[in-house]
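# A structural walkthrough
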Amino acid sequence: MKFVFRAKDVQGEVREGMVEAMNPTAAAEILERNSLVPISIKEEEKTSALLKDFQRLWEGVSQKELVVFFQELATLVEARVPVVSALRTIEDQTDNRYFRIILKEMADDIEDGAPFSTAIEKHTSTFSPLVINMLRAGEASGELQKSIEVVAASIQKNYQLAAKIKGALYYPIFVLGVAFIIGFLVVTFILPKITVMIKDLKVPIPWYTAALIWLGDFMSVYWWAVLLAVGAAVFGVMYYIKTDAGRSEWQMLLLKIPVVGNLARSIYITRFAENLSALLDGGIPVVRALTIVSEVLGNQVFEKIVLKAADEVRSGGTMSTVFVHSREIPPMVSQMIRIGEETGSLSTVLASTGKFYNQEVEVMTRNLTSLIEPILIVGLGIGVGILTIGI
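Quick look at the structure, then. Just so we're clear, the structure is a prediction, and the values are computed from it rather than from any experiment.

What follows is about helix H8 (residues 144–201). Taking 1.5 Å of rise per residue, the 58 residues of H8 would be expected to cover 86 Å, and the 83 Å separating its terminal C-alpha atoms lies within 8% of that figure. Of all the bends in H8, the greatest reaches close to 45 degrees and is centred on Leu191; the proline Pro192 follows between one and four positions later.

Mapped onto the secondary structure, Asn299 falls in the loop between helix H12 (286–296) and helix H13 (300–314). For Asn299, a relative accessible area of 1% translates into the label buried. A distance of 3.3 Å separates a polar side-chain atom of Asn299 from the backbone nitrogen of Phe302. Setting aside chain neighbours within four positions, we find Asn299 in contact with Gln251, Leu255 and Tyr268.

It is worth spelling out the pattern of salt bridges at this point. It is possible for side chains of opposite charge to pair when their charged atoms get near one another. All chains considered together, the criterion is met by eight salt bridges. Of the charged contacts, one joins Arg88 and Glu111 as a salt bridge, the two residues approaching to 3.1 Å between their closest N and O atoms. Here Arg88 is found in helix H4 (residues 83–92), whereas its partner Glu111 is found in helix H5 (residues 97–111), with 23 residues between them in sequence. Given a relative accessible area of 21%, Arg88 falls into the partly exposed group. Looking at Glu111, the relative accessible area reads 38%, which means it is partly exposed. With a closest N to O distance of 3.1 Å, Arg338 and Glu342 form a salt bridge.

Calculation criteria
- Residues numbered from 1 in each chain as written.
- Predicted model: local features only at pLDDT ≥ 70, side-chain atom pairs only at ≥ 80, totals over all residues.
- Heavy atoms only, no water.
- Helix = DSSP H or I, 4+ residues; strand = E, 2+ residues; numbered from the N terminus.
- Expected span 1.5 Å × (residues − 1).
- Bend = angle between axes of the 7 residues up to and from the residue.
- Buried < 20%, exposed > 50% of the residue type's maximum accessible area, 1.4 Å probe, protein only.
- Polar contact = N/O pair within 3.5 Å; in protein donor to acceptor, adjacent residues only side chain to side chain.
- Contact = heavy atoms within 4.5 Å.
- Salt bridge = Lys/Arg side-chain N within 4 Å of Asp/Glu carboxyl O.

Here is the structure:
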């Protein structure tokens, strides 16, 4: 059993910590043998697995929280603060209750003698294989601080990249959502009242006005069925995309959509180049680094290409041999990687490639936002025009 204690040392200073013993009496004896006078001894509070799972689903740990965590950890370690004390300090100032549980468990494991990478490896739902392997390599080489800094920089780049994409999607999603709600309310509640006057006139009407009258009458009676059908369709598509077959088809389709496909391709290349560069800088062997990167790309098409490259390197070949025959990898990327392999500066070349495509993503995102705006305006204008002309 573990006990949390507060005790005074020979200088009279209050010390806090944790001791493992069979019972509180044995814990007090251990403290006394270490010249500590116990003030309080309490059994460590255990967090139930059910409560932990509930908090993980409810709160989780965002990329932004991971960025802040590793930046603070790198600063504290650089200041020569022990890792356990650094984790305890960050735990005290973290608002996320689930993340606090994780940090506490990590600190306890390290206090019990586990390496930092082993303590963090127990929480694969929060920390990616890329992070775990980089920290393990840093420990093995005696450069844990540098590895933490590299991890912080890598997560920050991934977070900024994801933020750019989300920022570009917020506007069209909001506009389309509002347009759907307003259109649904108009067709369901307002259109039937307007068309009643037209029907009362009992005069010949054009086909498109008749279609609007029929639509209004249908929606006024079966609006609930339409809502159910739309909800079921959205749920069905989302569920199918989460399956292996659906995810594979969606990711292949995404790369074929005009404009959007080029943006997605640039995102995956940026993610590949930046993460692989960070792993190689951390001392991870090329084959292992490629395998890890394939797991964090987020696209099965690129994942297969990278795994094929790993097999090629394992058998004595080069990455560029595989990339040059892949139509998803731009020729410039293949050529730069080939130069990096030949000159022994692969990590530097990948970092430059990642920086270039990161800038490309930024430009494409800005252009896409500018393109979506007039398309939405024209689409909404057409909808309002049809309604107006029909009435």
